[in-house]
Amino acid sequence: DHPDKPGRKALQIRRPDALPADGAVWNFPSARAGKLTLRVRIGKRFGGARISVTDRFYNPCDDAGKKEAPISLNISPGGRIVSHHTLTPDKWQTIDITWNSIGVCKAFLDGKLIRQFGSVRHPANGFCYLRLRSTSTQVDPTGLLVDSVKMRAQ
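Residues numbered from 1 in each chain as written. Predicted model: local features only at pLDDT ≥ 70, side-chain atom pairs only at ≥ 80, totals over all residues. Heavy atoms only, no water.

S.K.: Mind showing me how you'd approach the overall build of the chain here?
M.R.: Secondary structure assignment for the chain yields 1 helix and 12 strands. In sequence order, the chain lays out its α and β elements as β-β-β-β-α-β-β-β-β-β-β-β-β. Rg of the C-alpha trace for the chain: 15 Å, near the compact-globule value of 15 Å for 154 residues, within the 12% margin. If one aligns the C-alpha atoms of the chain with their principal axes, the spans along those axes are about 40 × 35 × 30 Å. Here the chain holds 154 residues, and the buried ones make up 46% of them. Residue pairs in contact within the chain that sit at least 24 positions apart in sequence constitute 74% of those at least 6 positions apart. The chain carries 25 positive and 13 negative side-chain charges, and their two centres are separated by 5 Å. (Helix = DSSP H or I, 4+ residues; strand = E, 2+ residues; numbered from the N terminus. Rg over C-alpha atoms; globule rule 2.2 N^0.38 Å. Buried < 20%, exposed > 50% of the residue type's maximum accessible area, 1.4 Å probe, protein only. Contact = heavy atoms within 4.5 Å. Lys, Arg positive; Asp, Glu negative; His and termini not counted. Charge placed at Lys NZ, Arg CZ, Asp CG, Glu CD.)

S.K.: Looking at this structure, how should I read the nonpolar core?
M.R.: Taken as a class, soluble globular proteins show a tendency for nonpolar side chains to be buried jointly. Counting 32 residues, the largest nonpolar core has Ile51, Ile71, Ile81, Ile95 and Trp99 as its most contacted members. Take this core: its biggest share by element is 4 residues, from strand β3 (residues 34-42). Once residues within four sequence positions are removed from consideration, Ile81 is found in contact with Leu73, Asn74, Ile75, Thr86, Leu87, Ile95, Leu109 and Ile114. (Core = buried A, V, L, I, M, F, W, Y, C linked by side-chain atoms within 4.5 Å.)

S.K.: What's the story with unusual backbone geometry in this structure? I'm lost.
M.R.: What you tend to see is this: most non-glycine residues have negative phi, and most peptide bonds are trans. The backbone phi angle of Asp90 is positive, close to 60 degrees, even though this residue is not glycine. Topologically, Asp90 is positioned in the loop between β7 (85-86) and β8 (93-99). One non-glycine residue, Asp110, lies in the positive phi region at around 50 degrees. Position of Asp110 relative to the elements: it lies in the loop between β9 (104-109) and β10 (112-119).

S.K.: I would appreciate a short explanation of the packing of aromatic side chains in the present structure.
M.R.: Aromatic ring pairs are defined here through the distance separating the ring centres and the angle between the ring planes. Following the criterion strictly, the structure yields 4 aromatic pairs and no others. Centroid distance Trp26 to Phe28: 5.7 Å. Interplanar angle 45 degrees. Geometry classified as tilted. Residue Trp26 is classed as partly exposed on the basis of its relative accessible area, which comes to 35%. Taken together, a centroid distance of 6.2 Å and an interplanar angle of 40 degrees make the contact between Phe28 and Trp99 tilted. Separated by 71 residues along the polypeptide, Phe28 in strand β2 (residues 23-31) and Trp99 in strand β8 bring together distant segments of the chain. (Phe/Tyr/Trp six-rings, centres within 6.5 Å; stacked < 30°, edge-to-face > 60°.)

S.K.: What's the story with the pattern of salt bridges in this structure? I'm lost.
M.R.: Where charged atoms from two side chains of opposite charge approach closely, those side chains can pair. The tally for this structure, following the rule as stated, stands at 8 salt bridges. One salt bridge connects Lys5 with Asp147, and the closest N-O pair in it is separated by 3.7 Å. Taken together, the residues span a long stretch of sequence, with Lys5 in the segment before β1 (11-15) and Asp147 in strand β12 (residues 140-153) at a distance of 142 residues. Overall, Lys5 belongs to the partly exposed group, its relative accessible area being 27%. What makes Asp147 buried here is its relative accessible area of 12%. Here Asp90 ties to Arg41 by a salt bridge, and the two come within 3.9 Å at their closest N and O atoms. With Asp90 in the loop between β7 and β8 and Arg41 in strand β3, the pair connects residues that are 49 residues apart, well separated along the chain. Residues joined by salt bridges that share partners form a network here, namely Asp4, Arg41, Lys44 and Asp90. (Salt bridge = Lys/Arg side-chain N within 4 Å of Asp/Glu carboxyl O.)

Listed below in structure tokens is the structure:
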């Protein structure tokens with residue numbers, strides 16, 4: 001259940017028990033340049049997650065997806081994305097990931113540039129999958145909540 005909108009749902013990516021962590025994959029139309037926007041929220045004892053953009057389907061819980069993803073944004077336990085940028089627990093925040101046709105990727109947190117990926121392997125037909133996975137090594141009952149995802153080809 002969505003924590004702020006009665007009657008609505010949110011996607012939850014977590015590690016509820018000793019089994020492999022949750023994962024999800026969303027397919028979108030292939031784009032050589034684009035922008036993914038996610039509205040996310042973590043809990044106080046968040047155990048970590050990875051947001052990836054790929055050009056092919058990987059089972060959400062397959063470790064090959066981690067190794068092969070050209071674009072990945074790791075969120076450490078506690079919510080740190082990069083050195084000085086951390087998600088705030090129990091607050092909805094927006095993460096944007098952009099890429100262009102020459103392989104330059106950028107990540108934004110609430111509209112502020114937090115990382116530039118430089119040049120990544122860019123598939124001929126563009127990217128077409130969003131991959132989300134908990135990276136928690138311990139039980140993480142809250143995990144990452146996803147309120148919405150939007151993709152816009154550019």
